[in-house]
Amino acid sequence: MPDVPEHPIAYTALEPGTPVQTREGEPFATVRAVLVDEKVSVFDGIVVETADGVRFVDADHVGSIYTTYVGTTLSAEQAADLPLPAGANVVEIKPPRSMAARLGRMFGRGRQ
């Protein structure tokens, strides 16, 4: 795979499956969902899929979000001891649809 340039993005642009790394740059999970406190419209953290199951990374531990990965401030030991997600609202993030599929639906030529 050719090198893909890294570009910072907002949490709202995160896609499922984006790799999540420790502060040392070691991947330990992939993004599953974004959590938002809807009362104040604030990023609360991310739900990630690890080898041990679904876990929660608090927004305070998300250091940077790029198109190709999420960098955390967690050590490998801290990443291995993440809590289960609870008490927040999940914002569905879906893979982008192809332009052809979107146009087809807009003009009545695709699946609804």
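Residues numbered from 1 in each chain as written. Predicted model: local features only at pLDDT ≥ 70, side-chain atom pairs only at ≥ 80, totals over all residues. Heavy atoms only, no water.

Asks: Please explain the overall build of the protein chain as it appears in this structure.
Replies: Assigned secondary structure in the protein chain consists of two helices and seven strands. Counted from the first residue to the last, the protein chain has its helices and strands arranged as β-β-β-β-β-β-α-β-α. Buried residues in the protein chain amount to 31% of all 112 residues. Partitioning the contacts of the protein chain with sequence separation of at least 6, the portion at a separation of at least 24 is 50%. For the protein chain, the computed accessible surface area is about 7,500 Å², with 52% contributed by carbon and sulfur atoms. (Helix = DSSP H or I, 4+ residues; strand = E, 2+ residues; numbered from the N terminus. Buried < 20%, exposed > 50% of the residue type's maximum accessible area, 1.4 Å probe, protein only. Contact = heavy atoms within 4.5 Å. Areas by Shrake-Rupley, 256 points an atom, 1.4 Å probe, with all protein chains shown as cover.)

Asks: Help me understand the nonpolar core, please; the structure alone is not making it clear to me.
Replies: For soluble globular proteins, nonpolar side chains are generally found buried alongside one another. With 18 residues, the main nonpolar core has V20, F28, I46, V57 and V70 as its most contacted residues. Broken down by secondary-structure element, the contributors of at least two residues to this core are β2 (27–37), β3 (42–50) and β5 (62–65). Beyond its immediate chain neighbours, meaning those up to four positions away, I46 contacts L14, V20, V31, A33, V34, R55, F56, V57, V62 and V70. (Core = buried A, V, L, I, M, F, W, Y, C linked by side-chain atoms within 4.5 Å.)

Asks: In this structure, what is going on with unusual backbone geometry? I would like to understand it.
Replies: When glycine is set aside, most residues are seen to have a negative phi, and most peptide bonds are trans. Although it is not a glycine, S41 sits at a positive phi angle of roughly 50°. Its place among the elements puts S41 in the loop between β2 and β3. On the accessibility criterion, S41 (57% relative accessible area) is exposed.

Asks: What am I meant to see in the pairing of β2 here?
Replies: Both faces of the sheet carry side chains from a regular strand, because those side chains alternate between them. Note: strand β1 (residues 19–21) against β2, three bridges, orientation antiparallel. Across the sheet, P19 pairs through a bridge with T30, a residue of β2. Linking β1 to β2, which pair antiparallel, is a turn of five residues; within it G25 sits at a positive phi near 90°. Both β2 and β3 contribute to a ladder of seven bridges, which runs antiparallel. (Pairing = 2+ DSSP bridges.)

Asks: What am I meant to see in the pattern of salt bridges here?
Replies: Side chains that differ in sign of charge can pair as their charged atoms come close. Scanning the entire structure with this criterion turns up two salt bridges. One salt bridge in this structure joins E24 and R23, with 3.3 Å as the shortest N-O distance. Overall, the relative accessible area of 48% leaves E24 in the partly exposed class. R32 is paired through a salt bridge with E49; the nearest N and O atoms lie 3.0 Å apart. With R32 in strand β2 and E49 in strand β3, this residue pair connects regions lying 17 residues apart in the sequence. Its relative accessible area of 45% is what places R32 among the partly exposed residues. (Salt bridge = Lys/Arg side-chain N within 4 Å of Asp/Glu carboxyl O.)

Asks: Would you mind going over the confidence of the model for the protein chain with me for this structure?
Replies: Reading predicted coordinates in detail is not appropriate for stretches of low pLDDT. The pLDDT averaged across the protein chain works out to 83; a share of 72% of its residues lies at or above 70. Of all the helices and strands in the protein chain, strand β7 (residues 89–91) carries the lowest mean pLDDT, 52, while β1 carries the highest, 98. (pLDDT = per-residue confidence, 0-100.)

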